[in-house]
Amino acid sequence: DQQVKQNSPSLSVQEGRISILNCDYTNSMFDYFLWYKKYPAEGPTFLISISSIKDKNEDGRFTVFLNKSAKHLSLHIVPSQPGDSAVYFCAASVGWDMRFGAGTRLTVKP
Amino acid sequence: DAGVIQSPRHEVTEMGQEVTLRCKPISGHDYLFWYRQTMMRGLELLIYFNNNVPIDDSGMPEDRFSAKMPNASFSTLKIQPSEPRDSAVYFCASRPGTGVLTDTQYFGPGTRLTVL
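To keep things clear, this report deals only with the structure shown in the data block. Everything numeric here is computed off the predicted structure, so don't read it as measured data.

1. Topic: the overall build of chain A
Across its full length, chain A holds zero helices and eleven strands. The N-to-C order of helical and strand elements in chain A reads β-β-β-β-β-β-β-β-β-β-β. Expected size for 110 residues packed as a compact globule is a radius of gyration near 13 Å; at 13 Å, chain A falls within 12% of this value. C-alpha extents for chain A along the principal axes are approximately 40 × 25 × 20 Å. For chain A, buried positions account for 45% of its 110 residues. Of the roughly 5,300 Å² that chain A leaves accessible, carbon and sulfur atoms contribute 50%. Charged side chains of chain A number 12 positive and 10 negative; the gap between the two group centres comes to 4 Å.

2. With respect to the nonpolar core
By size, the foremost hydrophobic cluster in this structure holds 23 residues, and its most contacted members are F33, W35, L73, L75 and Y88 of chain A. Contributions of two or more residues to this core are made by β3 (19-25), β4 (32-38), β5 (45-51), β7 (62-67), β8 (72-77), β9 (86-94) and β11 (104-109) of chain A. Core analysis: the next-biggest nonpolar cluster, separate from the first, contains 21 residues, V19, I47, I79 and Y90 of chain B among them.

3. Comments concerning the packing of aromatic side chains
Considering all chains together, one arrives at 13 aromatic pairs over all chains under this definition. Pairing Y36 of chain A with F46 of chain A gives two aromatic rings, centres 6.1 Å apart and planes at 75 degrees, and the pair type is edge-to-face. Pair noted here: Y36 of chain A is in strand β4 and F46 of chain A is in strand β5, with a separation of ten residues, a long-range link. Residue classification places Y36 of chain A among the buried positions, given a relative accessible area of 0%. Ring centres 5.4 Å apart and planes at 40 degrees place the aromatic pair Y35 of chain B and F107 of chain B in the tilted group. On the criterion of sequence distance, the pair formed by Y35 of chain B in strand β4 (residues 31-38) and F107 of chain B in strand β10 (residues 106-107) is long-range, its members being 72 residues apart. Residue F107 of chain B is classed as buried on the basis of its relative accessible area of 10%. Every member of this aromatic cluster is reached through a ring pair, and the members are Y36, F46 and F100 of chain A together with Y31, F33, Y35, Y48, F91 and F107 of chain B.

4. Things to note about the interface of chain A and chain B
In this complex, chain A contributes 18 residues to the contact, which on the side of chain B involves 20 residues. A combined buried area of about 1,600 Å² lies between chain A and chain B, and 59% of that area is made up of carbon and sulfur atoms. At the junction of chain A and chain B, the tally comes to zero salt bridges. Looking at the side of chain A that touches chain B, the elements that each hand over two or more residues are β4, β9 and β10 (97-100) of chain A.

5. Thoughts on the side chain of S74 of chain A
Inspection of the secondary structure assignment puts S74 of chain A in strand β8. In this structure, S74 of chain A is in contact with I20, L21, N22, W35, T63, V64 and F65 of chain A, ignoring residues within four places of it in sequence.

6. Notes on the sheet that holds strand β1 (residues 4-5) of chain A
Residue and element names in this part refer to chain A. The antiparallel open sheet is built from five strands, whose spatial order is β1-β3-β8-β7-β6. If you trace the sheet from one side to the other, it starts and ends with β1 and β6 (56-59), each paired once. For β7 and β8, the ladder comprises six bridges, and the chain directions are antiparallel. Residue pairing across strands places N67 opposite H72, the latter belonging to β8.

7. Concerning the pattern of salt bridges
Residue and element names in this part refer to chain B. By the definition in use, this model includes nine salt bridges over all chains. Note that D86 and R64 form a salt bridge whose closest N and O atoms lie 2.7 Å from each other. Placement of D86 in the loop between β8 (74-79) and β9 (88-95) and of R64 in the loop between β6 (53-56) and β7 (65-71) is noted, with a sequence separation of 22 residues between them. Take D86 and R64: they sit in the same class, and that class is buried.

8. Some thoughts on the state of the cysteines
Throughout the structure, instances matching the rule amount to two disulfides over all chains. The disulfide bridge from C23 of chain A ends at C90 of chain A, spanning 1.9 Å between sulfur atoms. On the sign convention where negative is left-handed, the bridge of C23 of chain A and C90 of chain A, at about -70 degrees about the S-S bond, is left-handed. With C23 of chain A in strand β3 and C90 of chain A in strand β9, this residue pair connects regions lying 67 residues apart in the sequence. The burial state of C23 of chain A is the same as that of C90 of chain A; both residues are buried. The disulfide partner of C23 of chain B is C92 of chain B, and the gap between their sulfur atoms is 1.8 Å.

9. Focus: a nonpolar patch on the surface
Taken together, the side chains of I18, I20 and V78 of chain A make up a nonpolar region of the molecular surface, amounting to roughly 230 Å² of accessible area. With respect to the helices and strands, the residue I18 of chain A is situated in the loop between β2 (10-14) and β3.

Basis of the calculations
Residues numbered from 1 in each chain as written. Chains lettered and ligands numbered in written order. Predicted model: local features only at pLDDT ≥ 70, side-chain atom pairs only at ≥ 80, totals over all residues. Heavy atoms only, no water. Helix = DSSP H or I, 4+ residues; strand = E, 2+ residues; numbered from the N terminus. Rg over C-alpha atoms; globule rule 2.2 N^0.38 Å. Buried < 20%, exposed > 50% of the residue type's maximum accessible area, 1.4 Å probe, protein only. Areas by Shrake-Rupley, 256 points an atom, 1.4 Å probe, with all protein chains shown as cover. Lys, Arg positive; Asp, Glu negative; His and termini not counted. Charge placed at Lys NZ, Arg CZ, Asp CG, Glu CD. Core = buried A, V, L, I, M, F, W, Y, C linked by side-chain atoms within 4.5 Å. Phe/Tyr/Trp six-rings, centres within 6.5 Å; stacked < 30°, edge-to-face > 60°. Contact = heavy atoms within 4.5 Å. Buried area = accessible area lost by both parts, 1.4 Å probe. Salt bridge = Lys/Arg side-chain N within 4 Å of Asp/Glu carboxyl O. Pairing = 2+ DSSP bridges. Disulfide = S-S within 2.5 Å. Patch = residues over 30% accessible without salt bridge, like charges linked within 9 Å, V, L, I, M, F, W, Y side chains within 5 Å.

Structure representation (structure tokens):
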């Protein structure tokens with residue numbers, strides 16, 4: 001069963017605009033959430049994370065929002081840059097157990 | 001540190017053949033994970049080890065798949081016999097057992113497996 005879902009397989013935005021990637025989870029036991037970024041022919045790399053005790057975490061152009069009641073998190077990238085074009089994986093974990101979504105391919109057009 | 005190392009980067013084989021994928025985790029990391037990435041299912045956890053001991057292999061699709069970790073610096077994922085539906089990118093990841101960002105996994109570059 002898919003405990004972490006990314007319902008949008010792809011997203012296209014214009015350079016300079018905001019990119020919003022969404023993720024939903026079903027297991028209320030998850031207490032730590034992460035976003036990974038993946039370029040072609042490379043492994044995913046850690047981007048940003050948030051603990052369940054927070055509802056927002058910001059790192060430069062990247063902000064992750066967590067809505068525990070809705071079991072929803074989102075990644076905002078502003079402003080978007082062509083170099084942000086990649087596949088973004090949402091992940092949720094409790095202890096050792098980390099589950100990934102299917103990924104969203106972001107394309108930022110110049 | 002060179003990061004997580006996987007070999008080979010690409011593997012093309014024929015149905016029925018044995019395939020062995022290799023992984024060297026980051027030194028000092030206590031946990032090692034094997035994932036499979038497909039278009040349909042994204043990143044699936046196959047198995048993970050803690051201090052070289054397999055802890056959960058419930059994600060291994062069938063008995064044709066097996067994984068070992070004979071020591072802290074080496075792990076293998078074997079498929080025997082291989083089938084076309086096994087074609088995917090296989091990632092190995094490791095993470096520290098304690099310290100900051102223990103929930104952050106560090107991924108290798110992956111092995112792209114094609115079974116004809």
